[in-house]
There are 4 protein chains.
Amino acid sequence: MTIWSFSQEAAMSKQARTPQAREERVRAIMAAALDQFSHAGFQAARLDDIAAQAGIAKGTVYLYFESKERLLEALVASAIGAPLEAMEKAVAASSAPASDLLRAFGAFMIQAADDPDRRRVMHLVFSEGARFPAIAQFHHREVISRGAALIRAIIARGRASGEFVHDEPERFPQLVFAPALVAAVWLHVFDPIEKLDATGMIAAHTEMLLRALKGEAK
Amino acid sequence: MTIWSFSQEAAMSKQARTPQAREERVRAIMAAALDQFSHAGFQAARLDDIAAQAGIAKGTVYLYFESKERLLEALVASAIGAPLEAMEKAVAASSAPASDLLRAFGAFMIQAADDPDRRRVMHLVFSEGARFPAIAQFHHREVISRGAALIRAIIARGRASGEFVHDEPERFPQLVFAPALVAAVWLHVFDPIEKLDATGMIAAHTEMLLRALKGEAK
Amino acid sequence: MTIWSFSQEAAMSKQARTPQAREERVRAIMAAALDQFSHAGFQAARLDDIAAQAGIAKGTVYLYFESKERLLEALVASAIGAPLEAMEKAVAASSAPASDLLRAFGAFMIQAADDPDRRRVMHLVFSEGARFPAIAQFHHREVISRGAALIRAIIARGRASGEFVHDEPERFPQLVFAPALVAAVWLHVFDPIEKLDATGMIAAHTEMLLRALKGEAK
Amino acid sequence: MTIWSFSQEAAMSKQARTPQAREERVRAIMAAALDQFSHAGFQAARLDDIAAQAGIAKGTVYLYFESKERLLEALVASAIGAPLEAMEKAVAASSAPASDLLRAFGAFMIQAADDPDRRRVMHLVFSEGARFPAIAQFHHREVISRGAALIRAIIARGRASGEFVHDEPERFPQLVFAPALVAAVWLHVFDPIEKLDATGMIAAHTEMLLRALKGEAK
DNA sequence: GATGAATGAGGCTTCATTCAT
DNA sequence: TATGAATGAAGCCTCATTCAT
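Residues numbered from 1 in each chain as written. Chains lettered and ligands numbered in written order. Predicted model: local features only at pLDDT ≥ 70, side-chain atom pairs only at ≥ 80, totals over all residues. Heavy atoms only, no water.

1. A word on the interface of chain C and chain D
Between chain C and chain D, the contact holds 55 residues from the first and 55 residues from the second. Carbon and sulfur atoms supply 72% of the area that chain C and chain D bury against each other, a total of about 4600 Å² over both sides. Across the chain C-chain D interface, the total number found is 2 salt bridges. Salt-bridge contacts for Arg211(D) lead to Glu168(C); the nearest nitrogen and oxygen are separated by 2.9 Å. Remark: the boundary between chain C and chain D carries 12 residue pairs in polar contact (both at pLDDT 80 or more). Where the side of chain C that touches chain D is concerned, the elements lending two or more residues are α2 (19-40), α8 (116-128), α9 (133-160), α10 (168-171), α11 (174-189) and α12 (198-214) of chain C. In the side of chain C that touches chain D, the residues fall into 30 nonpolar, 16 polar and 9 charged. (Contact = heavy atoms within 4.5 Å. Buried area = accessible area lost by both parts, 1.4 Å probe. Salt bridge = Lys/Arg side-chain N within 4 Å of Asp/Glu carboxyl O. Polar contact = N/O pair within 3.5 Å; in protein donor to acceptor, adjacent residues only side chain to side chain. Helix = DSSP H or I, 4+ residues; strand = E, 2+ residues; numbered from the N terminus. Nonpolar A, V, L, I, M, F, W, Y, C, P; charged D, E, K, R; others polar.)

2. Notes on the side chain of Thr206(A)
By the element assignment, Thr206(A) lies in helix α12 (residues 198-214). In contact with Thr206(A), other than residues within four places in its own chain, are Leu102(A), Arg103(A) and Gly106(A).

3. Some points on the relation of the copies chain B and chain A
The two copies are related by a screw motion: chain B maps onto chain A through a turn of 179° and a shift of 0.0 Å along the axis, at an RMSD of 0.2 Å. Here the symmetry operator amounts to a two-fold rotation axis. In this assembly the copies share their binding face: 100% of the residues contributing to the interface of chain B also contribute to that of chain A. (Least-squares fit on C-alpha atoms with pLDDT ≥ 70 in both.)

4. Details of the domain arrangement of chain A
All names here are of chain A. Segmenting chain A into domains produces domain 1 (3-61) and domain 2 (68-214). A C-alpha centroid distance of 31 Å is found between domain 1 and domain 2. Of the residues lining the interface, 15 residues belong to domain 1; the matching set on domain 2 comes to 14 residues. Surface buried jointly by domain 1 and domain 2 totals about 1200 Å² across both partners, of which 77% is contributed by carbon and sulfur atoms. Considering only the surface of domain 1 that becomes buried against domain 2, Met30, Leu34 and Phe42 emerge as the three largest contributors, covering 52% of it. Counting every contact that joins domain 1 to domain 2 gives 1 salt bridge. (Domains from an automatic or database assignment.)

5. Notes on helix α6 (residues 83-93) of chain C
Residues and elements named next belong to chain C. Every buried residue of α6 is accounted for by Pro83, Leu84, Met87 and Val91. Projected down its long axis, α6 shows its buried positions confined to an angular sector of 100°, all on one face. Across α6 from its buried face, at more than 90 degrees, point the exposed residues Lys89, Ala92 and Ala93. Buried residues in α6 make contact with α7 (98-114), α8 and α9. (Buried < 20%, exposed > 50% of the residue type's maximum accessible area, 1.4 Å probe, protein only. Arc of directions from axis to C-beta.)

6. Comments concerning the packing of aromatic side chains
Residue and element names in this part refer to chain A. Evaluation of the coordinates by the stated rule reveals 16 aromatic pairs over all chains. Centre to centre, the rings of Phe105 and Phe108 are 5.8 Å apart; their planes meet at 55°, and the pair counts as tilted. One end of the pair is Phe105 and the other is Phe108, both in helix α7 (residues 98-114) and 3 residues apart, which spans about a single turn. Neither Phe105 nor Phe108 differs from the other in exposure class; each is buried. A connected cluster of aromatic rings, assembled from ring pairs, spans Phe37, Phe42 and Phe132. The cationic tip of Lys68 hangs over the ring face of Phe42; the distance from NZ or CZ to the ring centre is 4.9 Å. (Phe/Tyr/Trp six-rings, centres within 6.5 Å; stacked < 30°, edge-to-face > 60°. Lys NZ or Arg CZ within 6 Å of the ring centre and 35° of its normal.)

7. Focus: the protein's contact with DNA strand F
Contacts to DNA strand F come from 38 residues, most closely from Thr60(A), Tyr62(B), Arg25(D), Thr60(D) and Tyr64(D). At a separation of 2.8 Å, a phosphate oxygen of DNA strand F approaches a polar side-chain atom of Arg25(A). A distance of 3.0 Å separates a phosphate oxygen of DNA strand F from a polar atom in the backbone of Ala45(C). Secondary-structure elements contributing two or more residues to the surface near DNA strand F are α4 (58-64) of chain A, α4 (58-64) of chain B, α4 (58-64) of chain C together with α4 (58-64) of chain D. Considering only residue class, the surface near DNA strand F consists of 16 nonpolar, 9 polar and 13 charged. (Near = heavy atom within 4 Å.)

8. Considering the arrangement of the chains
Between chain A and chain C there is no contact, and the shortest C-alpha to C-alpha distance separating them is 31 Å. In this structure chain B stays clear of chain D, and the shortest span between their C-alpha atoms is 21 Å.

9. A closer look at the packing of α12(A) against helix α12 (residues 198-214) of chain B
In the contact formed by α12(A) and α12(B), the axes pass within 8 Å of each other and the chain directions differ by 95°. Classed by the angle they form, the pair α12(A) and α12(B) counts as roughly perpendicular. Between α12(A) and α12(B), the residues in contact are Met208(A), Leu209(A), Arg211(A), Ala212(A) and Leu213(A) and Met208(B), Leu209(B), Arg211(B), Ala212(B) and Leu213(B), respectively. Of the residues belonging to the contact of α12(A) with α12(B), the class tally is 8 nonpolar, no polar and 2 charged. (Axes fitted to C-alpha atoms, helices over the stretch in contact; angles between N-to-C directions. Parallel < 35°, antiparallel > 145°, perpendicular 65-115°, else oblique.)

10. Some points on the UniProt feature "DNA-binding region" (unreviewed entry) in chain A
The sites that carry the UniProt feature "DNA-binding region" (unreviewed entry) are, in the present numbering, residues 46-65 of chain A. Across residues 46-65 of chain A, the secondary structure splits into 75% helix and 0% strand, with the terminal C-alpha atoms separated by 15 Å. (UniProt positions renumbered as here; feature names shortened; annotations may be inferred.)

11. A short note on the interface of chain B and chain A
Each side of the interface is counted separately: chain B has 54 residues, and chain A has 55 residues. Between chain B and chain A the total buried area reaches about 4600 Å² when both faces are included, carbon and sulfur atoms providing 72% of it. Across the contact surface, chain B and chain A share 2 salt bridges. Counting the contacts that link chain B with chain A gives 12 residue pairs in polar contact (both at pLDDT 80 or more). Looking at the side of chain B that touches chain A, the elements with two or more residues in it are α2 (19-40), α8 (116-128), α9 (133-160), α10 (168-171), α11 (174-189) and α12 of chain B. Of the residues belonging to the side of chain B that touches chain A, the class tally is 29 nonpolar, 16 polar and 9 charged.

12. A word on the confidence of the model for chain A
Of the residues in chain A, 90% reach a pLDDT of 70 or more, and the chain-wide mean stands at 90. Predicted confidence for residues 1-12 of chain A stays below pLDDT 50, and this span has 3 contacts to residues more than four positions away or in other chains. (pLDDT = per-residue confidence, 0-100.)

13. Let's talk about the pattern of salt bridges
Per the counting criterion, the structure on display carries 74 salt bridges over all chains. In this structure, Glu142(B) and Arg146(B) form a salt bridge, with 3.2 Å as the shortest nitrogen-oxygen distance. Placement of the pair is Glu142(B) and Arg146(B) together in helix α9, with a separation of 4 residues, close to one helical turn. What makes Glu142(B) buried here is its relative accessible area of 17%. In this structure Arg146(B) comes out as partly exposed when scored by relative accessible area, which is 22%. Among the charged side chains, a salt-bridge network with shared partners connects Arg46(A), Asp48(A), Asp49(A) and Lys58(A).

14. So, helix α3 (residues 47-54) of chain D
Residue and element names in this part refer to chain D. For α3, the set of buried residues is Leu47, Ile50, Ala51 and Ala54. Relative to the axis of α3, the buried residues are bounded by an arc of 95° and lie together on one face. Next to the buried residues of α3 lie α2 (19-40), α4 and α5 (68-78). Once α3 ends, the next one or two residues include Gly55, with phi positive near 75°.

15. Here we look at the relation of the copies chain C and chain D
Each copy of the chain is related to the other by a rotation around an axis and a translation along that axis. Superposition record for chain C on chain D: RMSD 0.2 Å, screw rotation 179°, translation along axis 0.0 Å. Interface overlap between copies: 100% of the residues of chain C at the interface are likewise at the interface in chain D, consistent with a symmetric, same-surface contact.

16. Some remarks on the side chain of Asp35(C)
All names here are of chain C. Turning to its location among the elements, Asp35 is positioned in helix α2. Side chain to side chain, Asp35 and Gln53 meet in a polar contact 3.0 Å long. Within polar-contact distance, the side chain of Asp35 engages the side chain of Arg120 at 3.0 Å. Once residues lying within four places of it in the same chain are set aside, the contact partners of Asp35 are Gln53 and Arg120.

In structure tokens:
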């Protein structure tokens, strides 16, 4: 090992020369930013704190993100993850009864509500989306509208097969995912005051949904 | 000069020396503040703009509110209004079927969702509540928990009378008001992207709810 | 007594229509101002507090004083009082030994140091005089230079009569009143930390002074 | 490029990354602050002006001092300097006659009165000490009480050796340093009106003091 | 004359962003 | 590439002064 290579190694501990290292650093910054944005709100969060939490200097953030706002956007964009895609494929591929698919969707919502990062991003979008159209649009395009399409597909299939006799969620898919939104808000805002069993709530919701879709109004 | 024109003039006075004038000025400031907070978020909203919108000088705000934060709190506190009380009395007094009461609750939610100020306050609580425990607590105490009690009472009555055979909303009253929350968030965040018929959504939700509470899964 | 005269009386409780009442009010304002200026410093003192302490409304102060600064000036100007004049007359009239006159001057300084208002004014002049030439000039003209003249006259008389054989205070009358200045500063700044017996100090100073003026170095 | 030009450049750098540069910048800020505080008073002095005079941007001050108040405190704390320590050692080490030591103390006071910065700090303490206990305490602990101890030691020694037969300054050491205080105040407040030869005054004071300590009242 | 509500200039402090090292 | 010192615009809040009542 030469002196040169030694100093290079030393340098790498602080420098992101490889794509992996770069990606790793981006991830660290975004994780810190999510935490700070979530705690303090976008405006009140300080780049100083984000950098410190990410273990880097303040200026370094600007090597990876143009501005605080772009960091927020990148954050939201990176947080969708694949789960919806998995659900989409499952629905497309499976010939299971619509009830099962709806239950699977419920399980998916429970998963989402249980993941603190997912919840944080949702809350961030709900809180700041009005001010940063980019994140509202992104979230709508990548999450809301895909979720809505999925819901509509499931309901339509259930009606086609005769499983379901009602169709409200085809017109208002929000009625299906509303409890997931409630969980995101509640766990951020009201949890210190009154705990909420988000899993239980979503499970109960799923059962009610199924009864309401199948049932006859007396 | 008529009495009318006199009171008109008094209202337009630049000095609020009467209790009425004072109240009127407080209202004007809070209205402007709600608007600005709602558009820009609490942190980013500027006292300058609030004052300008209220038609007064910057310093005047501080004659009525100790600080920006207290203004937010007063805002949230003033916005509950009586409607819940009206519902509570109706439920206590009426011997109508639980279905009717639940439909009335649905109508109440529709009303709330239709009132832009109510929606704004809700969104403000959801957005800033985590940072300002006072407003989260206030809203929980005055709105959430009273709404939850109301819901539980209605469901319990329906089950007692045999109208309802299921009880999920007694454990999770959130399942009843979830669409109201969705409306508040959606109309602020996603409406420019995709319109939502909040009234229709809540009405549909009410119907599903009733079927789910009454119905037997086939 | 008519209704008219009754209301006039009522009005007089709050209005200063007579010269006496006016003077009384001026005094009240200046007393409050001295207190506030002294506690908080001229800049930090608030007209609000001064008015409140004087038992009047803020705007009323401006009926008696053009501005905060003029209030300070009037304050300092009003605070000399007659005592120096009394001393001057005594020295001019008396044929007592210079030692007695110097002791009388010492007693005068003790009196001044014991009067909180006098001390406050002195401290105010020392603190703010550089920023408000008017008060420095006024105090110099009415207090400092008259005191210095008095001291010089006493020393000169003592030297003429053979009582005193030294003359430093003729060149530096400050050496005579220095302890009075120390008392004013100390009692304001260091008294909470270490008490000072100003009377004892000035008395001791007077004795030393006399020895120094009379004495032969061995 | 010579070493000289290098350090010159370093000193002029716009970034203070070395300890020396940092120290230099702290010094520049404190110098500017002393000037502004001294001219305008603590409250009225503007951070803007301090920064401008120090040749930096307003925000930069806050990289070195938490607040305006801490800047004042640091200022006072940094201004003691070693001179008292030198005197203390001299008195402890020397076996010179007490008269010589007292004359040395006089020379020390003359030095202090001649140093504009020292005078300014003293005046600042006298003016603002009541409002900022930290600076009063600091100055009392580091200057006043050490000076008093020194004075007492000198007088005690002189009495032990028979040089001095009086003891007032042991009870009131203020009587020894009073003229230094007078000089600080006078040069700030009354000098534009009437010049004072502080050196002459203190010298005269020292001679009187010695006579008063040695002399017998006739 | 007396009041106190209203004004708005001004100051301390914060913090996103830049840039010399 | 990484750093963190420096910048300076911007915002909350204060308060001397004014003026309608």
